[in-house]
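Observations on the three-dimensional arrangement
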Amino acid sequence: MPPLITVTHPKGIYLPEADLWLDPHFGVRRAFVSHAHSDHVARHDLTFCSEITHQIMAVRKVVKKSGVVQALPMRGVLEWEGWELRLLPAGHITGSAMLHLTRKSDGATLLYTGDYKLRQGLSAERCELMQADTLIMETTFGLPKYRFPPAEEVIAQMLAFVRETLSDGGIPVLLGYSLGKAQEILCALRAVELPVMVHPSVAQITEVLAPHLGALPKWRLFNAEEAAWHVLVFPPGAKIELPKIRTAMLSGWALQSSAKYRYGVDAVFALSDHADHPELHETVERVQPRRIYLVHGSTREFAAELRARGHDARALGAEDQLELSFSAH
């Protein structure tokens with residue numbers, strides 16, 4: 001078998017053989033950006049990303065003026081400096097992508113998931129996995145207690161909240177990030193014929209993504225004077241000065257018992273764009289890697305679970321150095 005592709009973590013995920021960073025939050029010479037959430041993008045000299053992610057970054061003006069963006073089609077193969085790069089749908093948000101690398105000299109492979117989920121969402125392509133010798137995966141919900149209910153059940157609860165609020169003469173406000181969750185909410189609302197108003201930041205992103213989302217409910221920009229009898233879709237933290245509003249947060253963290261009080265909302269619904277604990281194990285079973293690196297969330301706990309199942313699993317990041325030392329003995 002060929003030697004594994006080297007993975008390091010000096011300040012972020014770095015592949016020294018390819019001189020390529022994976023989702024660094026600071027500017028570098030060459031980087032892969034898995035999706036356009038703000039904690040995954042920065043201005044780089046050379047950026048590899050999906051075509052949709054490039055569009056969003058351009059709208060949000062996070063593309064370096066002097067830099068080069070190489071937007072790749074999903075599933076296509078780019079031969080680059082002794083490597084083959086292939087993007088695969090990650091299922092996280094519209095345009096999110098995994099990176100599959102092949103070292104052409106010996107066929108060694110690596111799959112970087114970025115943020116992802118295996119469940120089919122309403123606003124993103126279904127995730128597609130590919131076998132790899134090395135797997136770098138996110139473990140945001142890497143504890144056994146994180147098992148999401150079926151999305152159709154969560155959406156049904158959300159729509160019941162909307163109808164109940166409107167029937168009481170109130171204004172339902174559904175809270176989700178402007179990129180990703182807001183579009184998932186809008187896609188869920190197409191099941192009901194209700195007027196919708198959105199925050200300006202939601203409108204900006206939805207206009208860019210509309211060609212990739214299929215049918216959407218009729219929506220328009222928020223107008224406080226005409227908001228009665230509308231469903232509002234806003235990002236968390238946005239100020240809403242209206243009477244008789246009821247707020248609901250849509251997040252995987254809704255599974256935590258304190259979520260409603262922590263977010264300061266009337267309801268929480270566990271609609272997540274990340275893989276839950278069972279999906280993380282399913283990912284490992286399907287990719288069949290020789291080595292696994294874990295980033296974000298419960299890395300040490302999930303690494304211990306995987307090692308108990310016979311896998312070579314390691315937590316990446318400075319906070320996990322003790323974990324790596326312990327596993328070596």
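Everything below is about the structure printed above this text.
In what follows, the accompanying structure is described. The residue count restarts for each chain, going from 1 along the sequence in the order it is written. Residue-level local features of this predicted model are given only where pLDDT is at least 70; pairs of side-chain atoms are given and counted only at 80 or more, and the full residue set underlies all totals for whole chains, interfaces and linings. As a convention, hydrogens and water are excluded, and side-chain values are obtained from all of the structure's heavy atoms.

1. Regarding the pattern of salt bridges
Operational definition: Think of a salt bridge as a Lys or Arg side-chain nitrogen and an Asp or Glu carboxyl oxygen that are within 4 Å of each other. Strands are runs of DSSP state E lasting at least two residues, helices are runs of H or I lasting at least four, and both sets are numbered from the N terminus onward. Think of it in three bands: residues with accessible area under 20% of the maximum for their type are buried, residues over 50% are exposed, and the middle band is partly exposed, with areas taken using a 1.4 Å probe on protein chains only.
Tallied over the entire structure, the rule returns 13 salt bridges. Between Arg29 and Asp19 there is a salt bridge, and its shortest N-O distance comes to 2.5 Å. Of the two residues, Arg29 is situated in the loop between β2 (20-22) and β3 (30-32) and Asp19 in the loop between β1 (13-15) and β2; the sequence distance between them amounts to 10 residues. Classification of Arg29 as partly exposed rests on a relative accessible area of 49%. Accessibility expressed as a relative area gives 17% for Asp19, which makes it buried.

2. A word on the side chain of Glu138
The condition is simple: Working convention for charge: Lys and Arg count positive, Asp and Glu count negative, and His plus the chain ends are omitted. Within 3.5 Å is the distance limit for a polar contact, defined as a pair of N or O atoms, with the added protein rule that one can donate a hydrogen and the other accept it, and that residues adjacent in sequence qualify only through two side-chain atoms.
Turning to its location among the elements, Glu138 is positioned in strand β10 (residues 134-139). Despite being buried, Glu138 has no salt bridge partner; Arg119 is the closest side chain of opposite charge, sitting 8.6 Å away. Within the structure, the side chain of Glu138 is placed 3.3 Å from the backbone nitrogen of Tyr116, a separation counted as a polar contact. Side chain to side chain, Glu138 and Thr140 meet in a polar contact 2.5 Å long.

3. Focus: the environment of Gln55
Quick note on the threshold: Every residue pair with non-hydrogen atoms within 4.5 Å of one another is taken to be in contact.
Mapped onto the elements, Gln55 comes out in helix α1 (residues 51-59). Between the alpha carbons of Gln55 and Leu316 there is a distance of 30 Å; along the sequence they are 261 residues apart. Those residues within four positions of Gln55 in sequence are excluded, and the remaining contacts are Val208 and His212.

4. With respect to the sheet that holds strand β8 (residues 97-103)
To be explicit about the condition: What makes two strands pair is DSSP finding at least two bridges between them. For helices, the axis comes from a line fit to the C-alpha atoms of the stretch in contact; other axes are also lines fit to C-alpha atoms, and the angle between any two N-to-C directions lies between 0 and 180 degrees.
The 7 strands lie next to each other as β6-β7-β8-β9-β10-β17-β18, forming an open sheet whose pairing is mixed. Each end of this open sheet is capped by a strand with a single partner; those strands are β6 (77-80) and β18 (313-315). Between one strand axis and the next, the sheet turns through 20° on average, direction left out of account. Across 6 bridges, the pairing between β10 and strand β17 (residues 291-297) is parallel. Of the residues in β17, the one forming a bridge with Leu135 is Ile292. Along the sheet, helix α6 (residues 277-287) contacts β9 (109-112), β10 and β17; its crossing angle with β10, the most-contacted strand, is approximately 170°. Across the sheet, helix α7 (residues 299-308) lies against β10, β17 and β18, angled at about 150° from β17, the strand it touches most.

5. So, helix α4 (residues 200-209)
Three or more residues of α4 are buried, namely Val202, Ala203, Ile205, Thr206, Val208 and Leu209. Where α4 is buried, its residues contact α1, α3 (181-189), β12 (196-198), β13 (219-221) and β14 (231-234).

6. Remarks on the packing of helix α2 (residues 151-167) against α3
Which entries qualify depends on this criterion: In this scheme, roughly parallel covers angles under 35 degrees and roughly antiparallel covers those over 145, while 65 to 115 is roughly perpendicular and the rest are oblique.
The interhelical angle for the contact between α2 and α3, taken along N-to-C directions, is 75°, at an axis separation of 11 Å. As the angle between them shows, α2 and α3 are arranged roughly perpendicular. Contacts from Ile155, Met158 and Leu159 of α2 reach α3 at Ile185, Ala188 and Leu189.

7. Section: the pairing of β9
For a regular strand, side-chain orientation follows a simple rule: the groups alternate between the two sheet faces. Of the two faces of β9, the one holding Thr109 and Leu111 and the one holding Leu110 and Tyr112 are both buried throughout. As paired elements, β8 and β9 share 4 bridges and run antiparallel to each other. Along β9, the bridge assignment pairs Leu101 with Leu110. Counting the residues that bridge the hairpin from β8 to β9 gives 5 residues, and of these Gly107 lies at a positive phi of roughly 85°. Of the strand pairs in this sheet, β9 and β10 are connected by 3 bridges, and their pairing is parallel. Paired with Leu111 across the strands is Leu135, a residue of β10.

Spatial relationships are all this shows, so hold off on functional conclusions.
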